[in-house]
Every structure is written in structure tokens, then in C-alpha cells.
Amino acid sequence: GENVEQHPSTLSVQEGDSAVIKCTYSDSASNYFPWYKQELGKRPQLIIDIRSNVGEKKDQRIAVTLNKTAKHFSLHITETQPEDSAVYFCAASYTNAGKSTFGDGTTLTVKP
Amino acid sequence: EAEVAQSPRYKITEKSQAVAFWCDPISGHATLYWYRQILGQGPELLVQFQDESVVDDSQLPKDRFSAERLKGVDSTLKIQPAELGDSAMYLCASSLEGLLDNEQFFGPGTRLTVL
């Protein structure tokens, strides 16, 4: 089955700096890669996703890049703000089946 | 905005007791997922339904866990008997069926504590 590894497990940055979280996956058949943000005590919420036919996607301060050859994808957050502090999860799945395998999460702390 | 509903939000039980969790997906979502999230880890898929049929239950401990979605709408996850190691957050999610519609929407979860 699919295996997703996520690094780092914790990340602390100063407000205004950039943050990068990286994930690798094992199954070359995976073609959908979402990123979820989970604030303390709340449900995971999708913040951005990318499909395997695209190399990069951007939404305001958030971007995701995908390298299919190397089987890794990354989340980039620019101009970080304290409200970006949360746990971020990456996932990999097959579009048709919809089954997602999640990474173990990265706890991002943005210091004011 | 429509959301996935789950109940109860919190459940405390003693080991060897039976517990049940309920999930109501977003209306029209054919696919329903049950995840277990242990503190400090990502969600782990327990079972996936497409309408009323089980698509994947390979990670479901079938000796004690069961799940059903009889009418293809809401779903129940049961644990009997509960063990100490079952303490976790149980998340339900739903998604539309189709090639481009597999964004998953999560419910608030049920936090289970087994004493």
C-alpha cells in the first residue's frame, strides 16, 4: 500500500518568514495530493491540493509543488502569520478510489 | 454551508464496554470515510463506503470493530469490546463521487477515552 512520510514534525518560524513542509510518497499510481490544516481541537480542513498533471499550484500565500519523478511534494507558506499556527497534514491518493494515506503531520508555530 | 455531522463529540467508557459513533455526511456525498487519529499522528483510514457498499476495510480490526451505512446516507461505527488502545479521535469524512471530486470534508470528530 501507499506510504507517506512528512518532514519536519515540528517547525517554528518568525512572523513574516516562509515555511516549507515536505512529503514523500511510495506509490507511483497516486495522483491526488491534498494538504489539510488542523487547528487545535478542530477538524482537518483542505487548504490546497494538486493533481499529478500539474507541477505547481498557488493560492495567495500558499503554494504546493509536485515532483512526480522523485515522488515528493511540498507545501510553501509565505509571509507567515500567527494564525497560520496549526498542524498541517499531507496526503496521497488515487483519484478514482479516493482513499487517502496521510502523513503524520507538521506542527507549525509562527512566533509574533 | 453544509457540514459533516458526528455524535457524540466526546465519549468516555470503560474497557470491555460497547461504544457506537454516528456520522451524517454532506447531502449528496456518495463516499464516506471513517478515520482513527491518535494524538500526534495523521488520520488512519478504517473503512470507506461508496453508497452502502464497503470499498476498503483493510485496516479495520474486524474482531471488535464494525461499520455500516445501510441506506447509503448516515453511518455508524461500533467497537465491542473497547480496549485501552482504542482511545483516539474518530473522524468521519465524506466526498462527492467522481474523478475530480474527491476533496474530503471532515466532521468534528468523536474523542473516545477508554478507562
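Scope of this entry: the structure provided in the associated data block. (Residues numbered from 1 in each chain as written. Chains lettered and ligands numbered in written order. Predicted model: local features only at pLDDT ≥ 70, side-chain atom pairs only at ≥ 80, totals over all residues. Heavy atoms only, no water.)

Some thoughts on the overall build of chain A
Part 1 of the argument: For chain A, the helix and strand inventory stands at zero helices and eleven strands.
Part 2 of the argument: When the helices and strands of chain A are read in sequence order from the N terminus, they spell out β-β-β-β-β-β-β-β-β-β-β.
Part 3 of the argument: Its C-alpha radius of gyration of 13 Å places chain A within 12% of the 13 Å reference for a compact globule of 112 residues.
Part 4 of the argument: C-alpha atoms of chain A, sized along the principal axes, occupy 40 × 30 × 20 Å.
Part 5 of the argument: Contacts in chain A between residues far apart in sequence, at least 24 positions, make up 53% of those at least 6 positions apart.
Part 6 of the argument: Of the roughly 5,600 Å² of accessible surface on chain A, a fraction of 46% belongs to carbon and sulfur atoms.
Part 7 of the argument: Charged side chains in chain A number 12 positive and 13 negative. The centres of these two groups are separated by 4 Å. (Helix = DSSP H or I, 4+ residues; strand = E, 2+ residues; numbered from the N terminus. Rg over C-alpha atoms; globule rule 2.2 N^0.38 Å. Contact = heavy atoms within 4.5 Å. Areas by Shrake-Rupley, 256 points an atom, 1.4 Å probe, with all protein chains shown as cover. Lys, Arg positive; Asp, Glu negative; His and termini not counted. Charge placed at Lys NZ, Arg CZ, Asp CG, Glu CD.)

Comments concerning the overall build of chain B
Part 1 of the argument: Each helix and strand counted, chain B has zero helices and eleven strands in total.
Part 2 of the argument: Written out in order from the N terminus, the α and β elements of chain B read β-β-β-β-β-β-β-β-β-β-β.
Part 3 of the argument: Here the C-alpha atoms of chain B give a radius of gyration of 13 Å, agreeing with the 13 Å that 2.2 N^0.38 yields for 115 residues.
Part 4 of the argument: Taken over 115 residues, chain B has a buried fraction of 46%.
Part 5 of the argument: Taking contacts inside chain B between residues at least 6 apart in sequence as the whole, the part at least 24 apart equals 52%. (Buried < 20%, exposed > 50% of the residue type's maximum accessible area, 1.4 Å probe, protein only.)

Considerations on the interface of chain B and chain A
Part 1 of the argument: In this assembly, 23 residues from chain B lie in contact with 19 residues from chain A.
Part 2 of the argument: Here chain B packs against chain A, burying approximately 1,700 Å² in sum over the two surfaces, 47% of which is carbon and sulfur.
Part 3 of the argument: Seen at the junction of chain B and chain A, the total is one salt bridge.
Part 4 of the argument: At the boundary of chain B and chain A, one finds three residue pairs in polar contact (both at pLDDT 80 or more).
Part 5 of the argument: Among the elements of the structure, strand S4 (31–37) and strand S5 (44–50) of chain B are those that each provide at least two residues to the side of chain B that touches chain A.
Part 6 of the argument: Top contributing element to the side of chain B that touches chain A by residue count: S4 of chain B, with three residues. (Buried area = accessible area lost by both parts, 1.4 Å probe. Salt bridge = Lys/Arg side-chain N within 4 Å of Asp/Glu carboxyl O. Polar contact = N/O pair within 3.5 Å; in protein donor to acceptor, adjacent residues only side chain to side chain.)

As for the nonpolar core
Part 1 of the argument: If you look at the biggest cluster of nonpolar residues, it comprises 23 residues, and the most contacted ones within it are Trp35, Phe73, Leu75 and Leu108 of chain A.
Part 2 of the argument: Looking at this core, the elements that each hand over two or more residues are strand S2 (10–14), strand S3 (19–25), strand S4 (32–38), strand S5 (45–51), strand S7 (62–67), strand S8 (72–77), strand S9 (86–93) and strand S11 (106–111) of chain A.
Part 3 of the argument: Beyond its immediate chain neighbours, meaning those up to four positions away, Leu108 of chain A contacts Leu11, Val13, Ala19, Ile77, Asp84, Ser85, Ala86 and Tyr88 of chain A.
Part 4 of the argument: Within the second largest apolar cluster, 20 residues are counted, among which are Val4, Val19, Phe65 and Tyr90 of chain B. (Core = buried A, V, L, I, M, F, W, Y, C linked by side-chain atoms within 4.5 Å.)

Topic: the sheet that holds strand S1 (residues 4–7) of chain A
Hydrogen bonds between backbone groups are what pair the strands of a sheet, and the pairing can be parallel or antiparallel.
All names here are of chain A.
Part 1 of the argument: Across the sheet, five strands lie side by side as S1-S3-S8-S7-S6; this open sheet has antiparallel pairing. Among the strands making up the open sheet, the edge pair consists of S1 and strand S6 (56–59). Each strand axis lies, on average, 15° off the axis of its neighbour in the sheet, ignoring direction.
Part 2 of the argument: In this structure, S7 lies alongside S8, joined through six bridges in antiparallel fashion. Note on S8: the bridge partner recorded for Leu66 is Phe73. (Pairing = 2+ DSSP bridges. Axes fitted to C-alpha atoms, helices over the stretch in contact; angles between N-to-C directions.)

Here we look at the state of the cysteines
Part 1 of the argument: The full count for this structure, using the stated rule, is two disulfides over all chains.
Part 2 of the argument: With its sulfur 1.9 Å from that of its partner, Cys23 of chain A forms a disulfide with Cys90 of chain A. Taking the sign of the S-S torsion, -100° for the link of Cys23 of chain A and Cys90 of chain A, the bridge is left-handed. Taken together, the residues Cys23 of chain A in strand S3 and Cys90 of chain A in strand S9 connect sequence positions 67 residues apart.
Part 3 of the argument: By relative accessible area, which is 1% here, Cys23 of chain A ends up buried.
Part 4 of the argument: Note on cysteine connectivity: Cys23 of chain B is disulfide-linked to Cys92 of chain B, with sulfurs 1.9 Å apart. The S-S bond linking Cys23 of chain B to Cys92 of chain B shows a torsion near -70°; that makes this disulfide left-handed. One end of the pair, Cys23 of chain B, is in strand S3 (residues 19–24); the other, Cys92 of chain B, is in strand S9 (residues 88–95), and 69 residues separate them in sequence. For the pair Cys23 of chain B and Cys92 of chain B, one class covers both residues: buried. (Disulfide = S-S within 2.5 Å.)

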